[in-house]
Protein chains: 4
Amino acid sequence: MATKKETAAFEAGIKLGALYHQFVGTPVSLETAESLEQAMARSISLQPHVRRVEVHINREMLKRNVFGYGELEGRMIQAVVEIDYLGERAVARLEYDPAKDYPLMSLVH
Amino acid sequence: MATKKETAAFEAGIKLGALYHQFVGTPVSLETAESLEQAMARSISLQPHVRRVEVHINREMLKRNVFGYGELEGRMIQAVVEIDYLGERAVARLEYDPAKDYPLMSLVH
Amino acid sequence: MATKKETAAFEAGIKLGALYHQFVGTPVSLETAESLEQAMARSISLQPHVRRVEVHINREMLKRNVFGYGELEGRMIQAVVEIDYLGERAVARLEYDPAKDYPLMSLVH
Amino acid sequence: MATKKETAAFEAGIKLGALYHQFVGTPVSLETAESLEQAMARSISLQPHVRRVEVHINREMLKRNVFGYGELEGRMIQAVVEIDYLGERAVARLEYDPAKDYPLMSLVH
């Protein structure tokens with residue numbers, strides 16, 4: 001049977017997977033990035049056992065296309081999720097890894 | 001070849017299809033609905049030829065689950081999109097049709 | 001009031017907007033591209049007034065990441081949607097425009 | 001620092017969160033459910049450290065709307081994901097819990 005610590009880690013994974021796949025593809029620009037960050041963080045904060053969610057969209061990667069906006073790509077998202085599962089804590093992060101050219105999700109605590 | 005009016009209608013369709021399929025499934029509650037409405041409207045407003053986007057999430061349908069929140073369903077979304085394509089206008093709406101039990105998208109102008 | 005031709009164009013737009021925003025972000029590789037193309041085409045074919053949907057994922061753009069797969073990006077999708085709305089037809093296309101570096105949706109008929 | 005077992009649990013969570021939020025909202029019918037199940041399973045199988053993914057869409061919940069199809073809802077999805085992270089295994093499940101009326105994700109091993 002899973003320990004509380006393992007379940008906290010599992011819950012953290014769910015949140016990052018949800019955050020990523022719900023919002024990738026959303027039209028976004030420098031002007032709307034903050035509104036989108038807030039909606040993303042607040043939405044995932046509703047899920048079970050969440051204590052904290054922080055979302056930051058990398059403005060430098062947010063290049064404008066010919067129509068003056070871009071789309072949210074996974075590598076633009078920096079996020080931290082903190083879970084409290086029955087007193088056990090897990091902290092996980094989503095962050096672009098330039099060496100691997102991959103939006104890496106990792107358990108940091 | 002398509003007329004400007006037909007193209008305006010086409011563009012309006014794109015925006016409603018995008019709005020719907022990007023955001024359905026997002027966790028939402030009474031407390032976060034406004035933040036999500038704003039992010040949805042601002043995001044779709046960035047797309048080409050958009051003049052106006054209004055989004056309203058039906059609070060009465062927003063029932064809480066056992067964890068105190070719900071998920072955005074298509075039938076909860078009321079939206080109006082106005083397109084200006086080279087001077088030709090199209091206005092389209094997404095609204096739940098209770099008789100058909102269907103989130104209907106229609107061209108209203 | 002909208003003509004049948006305008007409504008057909010509107011319906012075509014809905015389908016392309018849905019196709020794009022539902023599936024962008026999906027993990028995909030050379031081995032799974034065909035299965036994803038089929039699921040995308042069959043899913044959108046269910047929507048009202050659709051007569052034909054064709055979806056092709058550009059294999060050359062499908063670069064592998066460090067873990068051996070990639071994610072569906074809008075510019076990888078080539079799609080054609082044909083609508084029949086009460087006898088009036090609309091054909092629309094989604095195709096990457098290299099000059100604009102943009103996944104362009106257009107009404108071709 | 002996280003143990004391998006905790007990381008395996010974290011990875012399992014990512015996969016279920018991704019599966020759910022990528023595909024909820026997809027048009028689906030009795031005729032297309034199998035194609036969608038396959039695309040879902042094959043897509044998530046590509047993600048790192050996945051050993052097995054099984055996806056089943058509940059046909060009984062798949063009610064047809066006025067246009068003869070429905071949309072994938074979270075509660076229709078039954079899924080099992082098995083992770084192997086450096087030799088440590090985690091098995092997680094997504095299954096509708098009728099008592100809680102909630103699509104529950106849980107770590108089963």
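Scroll up a little and you will see the structure.
Along each chain, numbering runs from 1 in the same order as the chain's sequence is written. Chain A is the first chain written and ligand 1 is the first ligand written, with later ones labelled in order. The model is predicted, so local features are restricted to residues of pLDDT at least 70 and side-chain atom pairs to those at 80 or more, both for listing and for counting; the totals for chains, interfaces and linings are taken over all residues. To get the side-chain values, take all heavy atoms of the structure and skip hydrogens and water.

K.L.:
I tried to follow the relation of the copies chain D and chain A on my own but got confused; where do I start?
P.N.:
A rotation about some axis, followed by a shift along it, carries one copy of the chain onto the other. For the least-squares superposition of copies, only C-alpha atoms count, and only for residues with pLDDT at least 70 in both. Superposing chain D onto chain A requires a rotation of 180° together with a translation of 0.0 Å along the rotation axis, leaving an RMSD of 0.0 Å. As the rotation angle and translation indicate, the two copies are arranged about a two-fold axis. Looking at chain D, 100% of its interface residues are interface residues in chain A too, so the copies touch through the same face. Only heavy atoms matter for contacts: two residues are in contact if any of them lie within 4.5 Å across the pair.

K.L.:
How do you make sense of helix α2 (residues 33-45) of chain D when you look at a structure like this?
P.N.:
For an α-helix, the turn length of 3.6 residues means that residues three or four places apart are oriented alike. A run of H or I in DSSP counts as a helix once it spans at least four residues, and a run of E counts as a strand once it spans at least two, with each numbered from the N terminus. Each helix should span, by expectation, one fewer than its residue count multiplied by 1.5 Å. For α2 of chain D, built from 13 residues, the straight-helix expectation of 18 Å at 1.5 Å per residue is met to within 8% by its first-to-last C-alpha distance of 18 Å. Under the scheme applied here, a residue whose accessible area is under 20% of the maximum for its type counts as buried, over 50% as exposed, and between as partly exposed, the area being computed with a 1.4 Å probe on protein chains only. Those residues of α2 of chain D that fall on the buried side of the exposure criterion are Ala33, Ser35, Leu36, Glu37, Ala39, Met40, Ala41, Ser43 and Ile44 of chain D. As for α2 of chain D, its buried residues are in contact with β1 (27-28) and α2 (33-45) of chain C together with α1 (4-23), β1 (27-28), β2 (50-57) and β4 (77-85) of chain D.

K.L.:
I would appreciate a short explanation of the interface of chain D and chain A in the present structure.
P.N.:
Think of interface size as the accessible area that goes away when the parts come together; that is how it is often given. Each side of the interface is counted separately: chain D has 22 residues, and chain A has 22 residues. Defined here as a combined quantity, buried area equals the accessible surface (1.4 Å probe) lost by two parts on assembly, summed across both. Carbon and sulfur atoms supply 71% of the area buried between chain D and chain A, which totals about 1700 Å² over both sides. When the area that chain D buries against chain A is broken down by residue, the three leading residues are Glu6, Phe10 and His21 of chain D, summing to 36%. Should a side-chain nitrogen of Lys or Arg be within 4 Å of a carboxyl oxygen of Asp or Glu, the pair is scored as a salt bridge. On the surface where chain D and chain A come into contact, there are 0 salt bridges. By the criterion applied in these results, polar contacts are pairs of N or O atoms within 3.5 Å in which, for protein atoms, one can donate a hydrogen and the other can accept it, and in which residues neighboring in sequence qualify only through two side-chain atoms. Applying the counting rule to chain D against chain A returns 4 residue pairs in polar contact (both at pLDDT 80 or more). Among the secondary structure elements, those contributing two or more residues to the side of chain D that touches chain A are α1 and β6 (102-107) of chain D. It is α1 of chain D that provides the largest number of residues to the side of chain D that touches chain A, a total of 14 residues. Put simply, Ala, Val, Leu, Ile, Met, Phe, Trp, Tyr, Cys and Pro go in the nonpolar bin, Asp, Glu, Lys and Arg in the charged bin, and everything else, Gly too, in the polar bin. For the side of chain D that touches chain A, the per-class residue count stands at 12 nonpolar, 7 polar and 3 charged.

K.L.:
Can you walk me through the sheet that holds strand β6 (residues 102-107) of chain B in this structure?
P.N.:
Strands belonging to one sheet form pairs held by backbone hydrogen bonds; the direction of such a pair is parallel or antiparallel. Residues and elements named next belong to chain B. Strands qualify as paired when DSSP identifies two bridges or more between them. Spatial ordering of the open sheet is given by β2-β4-β5-β6, a layout of 4 strands whose pairing is antiparallel. One side of each edge strand has no neighbouring strand; the edge strands of this open sheet are β2 (50-57) and β6. Strand-to-strand twist in this sheet, taken as the mean axis angle between neighbours without regard to direction, amounts to 10°. Bridge count between β2 and strand β4 (residues 77-85): 7 bridges; the pairing is antiparallel. Paired with Val53 across the strands is Val81, a residue of β4. The strands touched by helix α2 (residues 33-45) are β2 and β4; relative to β2, the strand with the most contacts, the crossing angle is about 160°. Every axis corresponds to a line fitted to the C-alpha atoms, with the helix fit spanning only the stretch in contact, and the corresponding angles, defined between N-to-C directions, vary from 0 to 180 degrees.

K.L.:
Just checking my understanding: could you explain the relation of the copies chain D and chain B for this structure?
P.N.:
Once chain D is rotated about the relating axis by 180° and shifted along it by 0.0 Å, it coincides with chain B to within an RMSD of 0.0 Å. Mapped onto chain B, 100% of the interface residues of chain D are again interface residues, and the two copies thus contact each other with one and the same surface.

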